[in-house]
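# What the coordinates show
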Amino acid sequence: MERTILSIDGGGVRGVIPLACLVKLEQETGRPCREQFAMIAGTSTGAVIAAGLALGISARGLLAFYRNLARLAFDRLSWWQVLLNLGNHRYRSEFLAATLDELGARRSLNSLPLDILITATNTESGGTDFFVRDGPGNASKWGTMMLRDAVLASIAAPTYFPAHTATVQGQTYTWTDGGVGVHGNPCYVAALEALSYSADKYPRGETRLLAFGTGRTPNRIDAPQAHLLEWVQWSLTEVLQDSAEWQSYVTHERFGRSGELDFRRYQLEMSNDVMDQLGVEVPSGVDVAQIHLDDVWAMELLERIGRAFAERIDFNDPDGLVLASRPEGDARAGEAPPPGSYPSQIRLRLPVDSPGSPQFERAPHH
């Protein structure tokens, strides 16, 4: 029997894009995500989604919930409050904590009805911690941790939210966002956890992984004219985005190409060309590449982008779907790109040699 894993990248308000895709998946199968996935992995906004789905909220319900959550979570502190904390954070985490409690997240990871993996960066060791349920194949370190603490640790993006501190098995830790480093896309560690540390619960050759991105932005810079701050911003964006795509590449090369894992990546470039391909009308003066993780004003637009992207997905296609800008002067829409002609992320769309992968069952029409 095939087992399926869901992985969701970080990305702030752009989390509505994978949520819209999961709404379509639930519509096609007639089942909530919690009944379709044996494991859900998430970083930052992906951790919030993972927690909601694990607690039994449907993707549709979570999408509706997300609209209000983002507006209230990104309620900026006054300038003097930011000044007092020396720029440590510009938003409070209390609302998110209270919301997680209302959803029932004050329960241990071990008590969840499915496997979960949430990433956070340990401020003491500088490494990434991977919060999972205890099992015979792992170190049994984090299973007693409260789900709310795992999520609050994972969303604590530096300068946005305060770092989160919690005590697990008598030891106190402090964490920041799981996307600080190379695990903004948690697909590789989810695959590794499932295939190597889960005591054969996920049979090789019979496990599928759906990995959703939250939109990749074209990262261009006028090198001859760029000043220090522009270079810092460009470099940080390049590191975070390339590491996310590298996780997909390594997952495919390590597990997908051999057939051990049916790996499918879903990602799109946040560019005007891709919006044209999707038929999404972008308001005048708006550059979708400049939508930041706390831009609540863009929620409605992002949802439209997510729904349009979801309509292009065939969940039975083993190649997944990665959309990027066409080469300049190429007006062909919807055709497979020639090898090497698109940006690096499109080259991750490689064939997966996973013979006999069962298809998703569609809901019967009444």
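Everything discussed here concerns the structure shown above.
Report follows, based on the coordinates.

## Quick look at the pairing of strand β7 (residues 207–212)
Within β7, six of the six residues are buried, which leaves the element mostly enclosed by the surrounding structure. Here six bridges tie strand β1 (residues 3–8) to β7, and the two strands are oriented parallel to one another. The residue bridging Ser 7 from the neighbouring strand is Ala 211, located in β7. Pairing of β7 with strand β8 (residues 262–268), which is carried by five bridges, proceeds in the parallel orientation.

## A closer look at the pattern of salt bridges
In total, this model carries 17 salt bridges according to the counting rule given. The partner of Asp 115 in a salt bridge is Lys 201, and the shortest N-O contact between them spans 3.0 Å. On the criterion of sequence distance, the pair formed by Asp 115 in strand β3 (residues 115–122) and Lys 201 in the loop between α8 (187–196) and β7 is long-range, its members being 86 residues apart. We classify Asp 115 as buried; its relative accessible area is 8%. A salt bridge links Arg 307 to Glu 303; the nearest nitrogen and oxygen atoms lie 2.9 Å apart. Of this pair, Arg 307 and Glu 303 both sit in helix α11 (residues 299–312), four residues apart, roughly one helical turn. In the salt-bridge network here, residues are joined through shared partners; they are Glu 2, Arg 208, Asp 262 and Arg 264.

## Re the nonpolar core
Core analysis: the largest hydrophobic core is formed by 80 residues, its most contacted members being Phe 131, Leu 147, Trp 175, Ile 305 and Phe 309. Setting aside chain neighbours within four positions, we find Ile 305 in contact with Ile 17, Leu 268, Met 270, Met 275, Leu 278, Val 280 and Val 288. Membership of the second largest hydrophobic core comes to 19 residues, among which are Ala 38, Leu 117, Leu 195 and Leu 209.

## What to know about the environment of Val 274
Checked against the element boundaries, Val 274 lands in helix α10 (residues 272–278). Classification of Val 274 by relative accessible area gives buried; the value is 0%. Val 274 sits 35 residues away from Phe 309 along the chain, and the two C-alpha atoms are 9.7 Å apart. Beyond its immediate sequence surroundings of up to four residues, Val 274 is in contact with Leu 268, Glu 269, Leu 323, Ala 324 and Ser 325.

Analysis parameters
Residues numbered from 1 in each chain as written. Predicted model: local features only at pLDDT ≥ 70, side-chain atom pairs only at ≥ 80, totals over all residues. Heavy atoms only, no water. Buried < 20%, exposed > 50% of the residue type's maximum accessible area, 1.4 Å probe, protein only. Helix = DSSP H or I, 4+ residues; strand = E, 2+ residues; numbered from the N terminus. Pairing = 2+ DSSP bridges. Salt bridge = Lys/Arg side-chain N within 4 Å of Asp/Glu carboxyl O. Core = buried A, V, L, I, M, F, W, Y, C linked by side-chain atoms within 4.5 Å. Contact = heavy atoms within 4.5 Å.

Remember, this is a structural readout, not a statement about activity or role.
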